[in-house]
Protein chains: 2
Amino acid sequence: METTYVALVGMGTVGTGVAQLLLDLGDRTARYAGRSLWINHIAVRDVSKRRQADLPQGVITDQLERILHDPQVTLVAHLVGGIEPARSIMLALLENGKDVVTANKALLAEHGPELFDRARHLGRTIAFEAAVAGGIPIIANIAQCLAANKILSLEGILNGTSNFVVTQMDEGAGTYQQSLETAQQRGFAEEDPTLDIDGTDAAQKLAILAHLAFGVTIRWQDIPRRGIQNLNLEDFRLTQALGYRIKLIAYAKLLDFGLQLMVSPMLVKIGTPLAEVRENYNAIRVVGDAVGPVFFHGQGAGAMPTASAVVADMIDTALGRTKITFHNLKLWSDRESPVKVSDVGKLPGRYYLRLVVHEQPDVLAQIAEILGHHHISVASVNLHDVTQPHDAKVSLVIMTRETREASLMAAVSEISKLPFVAAVAERLKVLD
Amino acid sequence: METTYVALVGMGTVGTGVAQLLLDLGDRTARYAGRSLWINHIAVRDVSKRRQADLPQGVITDQLERILHDPQVTLVAHLVGGIEPARSIMLALLENGKDVVTANKALLAEHGPELFDRARHLGRTIAFEAAVAGGIPIIANIAQCLAANKILSLEGILNGTSNFVVTQMDEGAGTYQQSLETAQQRGFAEEDPTLDIDGTDAAQKLAILAHLAFGVTIRWQDIPRRGIQNLNLEDFRLTQALGYRIKLIAYAKLLDFGLQLMVSPMLVKIGTPLAEVRENYNAIRVVGDAVGPVFFHGQGAGAMPTASAVVADMIDTALGRTKITFHNLKLWSDRESPVKVSDVGKLPGRYYLRLVVHEQPDVLAQIAEILGHHHISVASVNLHDVTQPHDAKVSLVIMTRETREASLMAAVSEISKLPFVAAVAERLKVLD
């Protein structure tokens, strides 16, 4: 059996998983790859640290040069997080003739154009299945399996931490703060969970998927995004009564006037596949013009699911499939995008609106007048006592019919100025 | 842009879809394939038949030789159903130096070894994404995306006709016969639906998936199978009350003592992804030892979803990815299987059992004694009046704890001989 000599840079959670899979490979890849992948080196920062994997002696090193200058090694799994030194390490690997497999979505979202240009120029490849949705092979599915389709829309639950928290809240297990603590205790949230719960992580992944599925190049910072950190238990209760769950959705939709992108908590109809994605799971629903809706569900993070994606990429690279795909996709090249990203204000949609108001007889009349003025039809209005604090205020829940984001924003701005409106407590898009 | 010249054999539903996609390709494949696929010929039986697609003149022919002897054509979509002349046509294509893409699962399930051997010998390739689960790219996902995993189990709803019928029955829309007629009216069942509803189609697809996922070569006829044609509305009602839906499941599970394969209606827990697969949709749940459970859902048949899979294969073949995959997978070769198919009697599982009995005080005692004798624990017993016919008989529904298929069969055989047991009306495995 043929052998491909490989190396790893980084041995955190994912690196350990990859090492375990490769050490155990033998039979398992023989059938699909017809070869074994042999680890020559694993570069780490601290060689003295104890490792979970049972590694052959001499494999661990803190000298990246040992990998760079080993001519036997042509393929390296780059498992370093963050931007620097991750970027410099990847460039060094490419410059030294190594094909790279990475799980670092932040790096690609930030420096994709530079890294891919460099790889193309040097005749090398970068594979990144593990960078989005961990164990769900969404990159290969869009770039290869659905290649006959024009992708019409893509909706994903791409951040496991957020989904764990909103699942807890949806099940009434606790407030946002309590649910986040449970997530941390169970290992589904980091000590500093900011990038997960504020939508950054999902926006970075969406920027990558949007480039792949629609050809647009967009900075993740330019994707309108809102996280889950200001969600209120009361809205979970009220939306459930209306037949919805609140989920953090990475959303892309191709419309006549362009591509709409956003990351935001949205109302997802109970009983549809995305609404039933629970705990730390990820899922993506892709609609292609030929295939129709296709739905993928699996673990989006964790050592072994992510390692599964990394090693699949390593096999693809060793076999030469990555070279073909990489060459043809021309990702982050100067190729012109077939579609433009459109202003999100034009996005049509239905909305859930919760106002906290001082009850008086003409409340509905005044609010309805403003909505009507902005051509927003109302599907339902429900008034709920505010359970806490016990004062004279009530929650007024409005579900709109289809309108435009910009119209809604303008109406909400006017409504918020009404004297009896204490607060516009929530405003969420309904996923169609 | 490069051009790959292709041909189609057959222009039924799928062939028409493929032709439409290819005629419309241009931009859509440019991004993923960096080339266009140009149709030189489409071979059909009856050239005078009107076609839906707007084809260039001279493309349609009833002379297969025009394809065989066109040196420009290196890639042919083989879209002919059945065994003969489908088999001879595929062999002729391979002999004449054409790479083949096919949607014919029956042909592969029946003659896979012969066809793949021939292709290997001739240095050609056969791709068959469309043969299983239509638009869901399950072949590429198992063979490539999950290649780092040892697959532990695979459970699929692989026949859209059957799933449409059981969904109708589950929703109380009609009896088996009425539901089948609805399926036929809505185009989800053929005039003669035998192979779909008796489990043959699902068994053929399972034989292909089992070969891919576990390396076993099994004749589809050797997979224990039962269809949906004897299911009774009453069991849908009773199992729903217990929290389950009845689904036709293609089932493969790797256990210590071997691989268990079967096609049968099973009880699937409401709220789990497979239970919520409705109408004509297909779905597959694969569990890999690294990735954990991954779930795929989409349209398993129909012109455009199937064409999506065929054209993806054509792009893969044109680019050279298929050659790499085909060469390494060594499907249906003389390579020894890493696992053995085990006798299904050893399969552990829980069961739903419905007995029709003449009510008398010692019914439960006598049945419980037999079950106990076969080491079968009972999880629940419920007695239901038989609504029709109105006689002295009642339905006795037993849910067992985990036992072996063989133990259950032996117990059922004894129970059926009890004088007060009018019938063992249903026996269904509970999907774990």
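Predicted model only: the values in this text are computed from it and were never measured. (Residues numbered from 1 in each chain as written. Chains lettered and ligands numbered in written order. Predicted model: local features only at pLDDT ≥ 70, side-chain atom pairs only at ≥ 80, totals over all residues. Heavy atoms only, no water.)

Asks: Can you tell me about the overall build of chain A, naming the residues and giving the values?
Replies: Across its full length, chain A carries 15 helices and 16 strands. Against the compact-globule benchmark of 22 Å for 432 residues, chain A has a radius of gyration of 24 Å, which places it among compact chains. Based on the C-alpha atoms only, the size of chain A along its principal axes is roughly 80 × 45 × 35 Å. Relative to its full complement of 432 residues, chain A shows a buried share of 60%. (Helix = DSSP H or I, 4+ residues; strand = E, 2+ residues; numbered from the N terminus. Rg over C-alpha atoms; globule rule 2.2 N^0.38 Å. Buried < 20%, exposed > 50% of the residue type's maximum accessible area, 1.4 Å probe, protein only.)

Asks: I'd like a rundown of the environment of A:Leu146, residues and numbers included.
Replies: All names here are of chain A. Along the chain, the position of Leu 146 falls in the loop between helix 6 (138–145) and strand 7 (151–157). On the basis of relative accessibility, which here comes to 1%, the residue Leu 146 falls in the buried class. Sequence separation between Leu 146 and Leu 158 is 12 residues, and the spatial gap between their C-alpha atoms is 19 Å.

Asks: So what's going on with the sheet that holds strand 4 (residues 75–78) of chain A? Residues and values would help.
Replies: Residues and elements named next belong to chain A. On the basis of which strands lie adjacent, the open sheet formed by six strands has the order 3-2-1-4-5-6 and parallel pairing. Both edges of this open sheet fall to strand 3 (60–61) and strand 6 (126–127), since each of them pairs with a single strand only. Of the pairings in the sheet, the one linking strand 4 to strand 5 (residues 99–102) comprises four bridges and is parallel in character. Within the sheet, the bridge partner assigned to Val 76 lies in strand 5 and is Val 100. The sheet contacts of helix 4 (residues 86–95) involve strand 1 (2–9), strand 4, strand 5 and strand 6, and relative to strand 4 the element is tilted by about 175 degrees. (Pairing = 2+ DSSP bridges. Contact = heavy atoms within 4.5 Å. Axes fitted to C-alpha atoms, helices over the stretch in contact; angles between N-to-C directions.)

Asks: A description of the relation of the copies chain B and chain A should follow, citing residues and the corresponding values.
Replies: When chain B is fitted onto chain A, the two copies agree to an RMSD of 0.0 Å after a turn of 180 degrees and an axial shift of 0.0 Å. Look at the turn and shift together and you get a two-fold axis relating the two. Taken together, the interface assignments show that 100% of the residues at the interface of chain B recur at the interface of chain A, consistent with an identical surface on both copies. (Least-squares fit on C-alpha atoms with pLDDT ≥ 70 in both.)

Asks: Requested: an account of the pattern of salt bridges, with residues and values cited.
Replies: The tally for this structure, following the rule as stated, stands at 44 salt bridges over all chains. Notably, a salt bridge pairs A:Glu84 with A:Arg87, separated by 2.7 Å at the nearest N-O pair. For A:Glu84, a relative accessible area of 43% translates into the label partly exposed. Overall, the relative accessible area of 22% leaves A:Arg87 in the partly exposed class. B:Arg285 is paired through a salt bridge with B:Glu155; the nearest N and O atoms lie 3.6 Å apart. (Salt bridge = Lys/Arg side-chain N within 4 Å of Asp/Glu carboxyl O.)

Asks: Help me get a handle on the interface of chain B and chain A, residues and values and all.
Replies: Contacts between chain B and chain A engage 53 residues on the former and 53 residues on the latter. The contact between chain B and chain A buries some 4500 Å² in all, and 54% of this surface belongs to carbon and sulfur atoms. Among the residues of chain B in contact with chain A, B:Arg31, B:Tyr32 and B:Arg321 are the three that bury the most area, contributing 18% of the side total. Linking chain B with chain A are zero salt bridges. (Buried area = accessible area lost by both parts, 1.4 Å probe.)

Asks: Give me the lowdown on a nonpolar patch on the surface, citing residues and values where you can.
Replies: A cluster of nonpolar side chains, A:Leu364, A:Val378 and A:Val381, forms an exposed patch at the surface whose accessible area comes to about 200 Å². When you line up the elements, A:Leu364 lands in helix 14 (residues 363–373). (Patch = residues over 30% accessible without salt bridge, like charges linked within 9 Å, V, L, I, M, F, W, Y side chains within 5 Å. Areas by Shrake-Rupley, 256 points an atom, 1.4 Å probe, with all protein chains shown as cover.)

Asks: Outline the packing of aromatic side chains, supporting the account with residue identities and numerical values.
Replies: All names here are of chain A. Following the criterion strictly, the structure yields 12 aromatic pairs over all chains and no others. Ring centres of Phe 116 and Phe 128 lie 5.8 Å apart, and the angle between their planes is 80 degrees; this geometry places the pair in the edge-to-face category. Highlighted residues: Phe 116 in helix 5 (residues 105–122) and Phe 128 in the loop between strand 6 and helix 6, separated in sequence by 12 residues. Note on Phe 128 and Trp 332: the rings are 6.2 Å apart at their centroids and 50 degrees apart in plane angle, and the pair reads as tilted. Highlighted residues: Phe 128 in the loop between strand 6 and helix 6 and Trp 332 in the loop between helix 13 (321–329) and strand 12 (348–358), separated in sequence by 204 residues. Comparing Phe 128 with Trp 332, the two get one shared label, buried. The ring of Tyr 244 carries the charged tip of Lys 269 above its face, separated from the ring centre by 4.8 Å. (Phe/Tyr/Trp six-rings, centres within 6.5 Å; stacked < 30°, edge-to-face > 60°. Lys NZ or Arg CZ within 6 Å of the ring centre and 35° of its normal.)

Asks: Summarise the side chain of A:Glu155; cite the residues concerned and give the values.
Replies: All names here are of chain A. Along the chain, Glu 155 falls in strand 7. We classify Glu 155 as buried; its relative accessible area is 4%. Ignoring sequence-local partners within four residues, the contact set of Glu 155 consists of Ile 249, Ala 250, Tyr 251, Leu 274, Ala 283, Ile 284, Arg 285, Leu 431 and Asp 432.

Asks: Describe unusual backbone geometry, listing the residues and the values that go with them.
Replies: Looking along the chain, the bond that leaves A:Glu84 and enters A:Pro85 is cis, with omega of 10 degrees. Of note, the phi angle at A:Lys330 is positive, near 50 degrees, even though the residue is not glycine. Position of A:Lys330 relative to the elements: it lies in the loop between helix 13 and strand 12. At B:His375, a residue that is not glycine, the phi angle is positive and equals roughly 60 degrees. Along the chain, B:His375 turns up in the loop between helix 14 (363–373) and strand 13 (378–385). Exposure remark for B:His375: the relative accessible area of 70% places this residue in the exposed category.

Asks: Give a description of helix 12 (residues 303–319) of chain B that names residues and reports values.
Replies: Residues and elements named next belong to chain B. Helix length check: helix 12 (17 residues) gives 24 Å between terminal C-alpha atoms against 24 Å at 1.5 Å per residue, within 8%. Taking burial as the measure, the 17 residues of helix 12 include 15 buried ones, the bulk of the element. Looking one or two residues beyond helix 12, the residue adopting positive phi is Gly 320, at roughly 100 degrees. (Expected span 1.5 Å × (residues − 1).)

Asks: Can you explain the sheet that holds strand 1 (residues 2–9) of chain B? Please cite residues and give values.
Replies: Residue and element names in this part refer to chain B. Strand order in the open sheet made by the six strands is 3-2-1-4-5-6, with parallel pairing throughout. Looking along the sheet, the strands with just one partner apiece sit at the ends: strand 3 (60–61) and strand 6 (126–127). Of the pairings in the sheet, the one linking strand 2 (residues 35–43) to strand 3 comprises two bridges and is parallel in character. From the neighbouring strand, Ala 43 faces strand 3, where its bridge partner is Thr 61.

Asks: Outline the packing of helix 7 (residues 160–170) of chain B against helix 11 (residues 233–241) of chain B, listing residues and values.
Replies: In a packed pair of helices, the relevant descriptors are the angle between the two axes and the axis-to-axis distance. All names here are of chain B. Contact geometry for helix 7 and helix 11: axes closest at 9 Å, N-to-C directions at 70 degrees. In this view, helix 7 runs roughly perpendicular relative to helix 11, as classed from their interaxial angle. Seen along the crossing, helix 7 lies across helix 11 with a hand that is right-handed. Residue-level inspection shows Val 166, Met 169 and Asp 170 of helix 7 in contact with helix 11, the latter providing Leu 233, Phe 236 and Gln 240. Of the residues in the contact of helix 7 with helix 11, the class split is four nonpolar, one polar and one charged. (Parallel < 35°, antiparallel > 145°, perpendicular 65-115°, else oblique. Left-handed = near helix turned anticlockwise from the far one by under 90°. Nonpolar A, V, L, I, M, F, W, Y, C, P; charged D, E, K, R; others polar.)

Asks: Let's hear about the side chain of B:Thr200: which residues, and what values?
Replies: All names here are of chain B. With respect to the helices, strands and loops of the structure, Thr 200 is situated in helix 10 (residues 200–214). A relative accessible area of 4% means that Thr 200 is categorised as buried. Side chain to side chain, Thr 200 and Asp 198 meet in a polar contact 2.7 Å long. (Polar contact = N/O pair within 3.5 Å; in protein donor to acceptor, adjacent residues only side chain to side chain.)

Asks: Give a detailed account of the confidence of the model for chain A, specifying residues and quantitative values.
Replies: With 97% of its residues at a pLDDT of 70 or more, chain A has an overall mean of 92. Under the prediction, the complex receives an ipTM of 0.93, its pTM being 0.94. (pLDDT = per-residue confidence, 0-100.)

Asks: How would you explain the nonpolar core if you had to name every residue and give the values?
Replies: Across soluble globular proteins, nonpolar side chains show a tendency to be buried alongside one another. Within the largest apolar cluster, 245 residues are counted, with the highest numbers of intra-cluster contacts made by A:Ile138, A:Phe214 and B:Ile138. Within the second largest apolar cluster, 28 residues are counted, among which are A:Met262, A:Val268, B:Ile157 and B:Val268. (Core = buried A, V, L, I, M, F, W, Y, C linked by side-chain atoms within 4.5 Å.)

Asks: Describe the pairing of strand 2 of chain B, and please don't skip the residues or the numbers.
Replies: All names here are of chain B. Of all nine residues that make up strand 2, eight are buried, and the element is covered over most of its length. The pairing of strand 1 with strand 2 spans eight bridges and is classified as parallel. Its bridge partner being in strand 2, Thr 4 is matched across the sheet by Leu 37.

Asks: Break down the pairing of strand 14 (residues 393–400) of chain B for me, with residues and values.
Replies: All names here are of chain B. Burial runs high along strand 14: seven of the eight residues are buried. For strand 12 (residues 348–358) and strand 14, the ladder comprises seven bridges, and the chain directions are antiparallel. Counted as the bridge partner of Tyr 352 is Met 399 from strand 14. Pairing analysis gives seven bridges linking strand 13 to strand 14, with the strands arranged antiparallel. Across the sheet, the residue bridging to His 384 is Ser 395, located in strand 14.

Asks: I'd like to hear about the environment of B:Val6, residue by residue, with values.
Replies: All names here are of chain B. Summarising the element assignment, Val 6 is placed in strand 1. On the basis of relative accessible area, Val 6 is assigned to the buried category, the value being 0%. Put simply, Val 6 and Val 76 are 70 residues apart on the chain and 5.6 Å apart in space, counted from C-alpha to C-alpha. Beyond its immediate stretch of four places on either side in the chain, Val 6 contacts Leu 22, Leu 37, Trp 38, Ile 39, Asn 40, His 41, Val 73, Leu 75 and Met 314.

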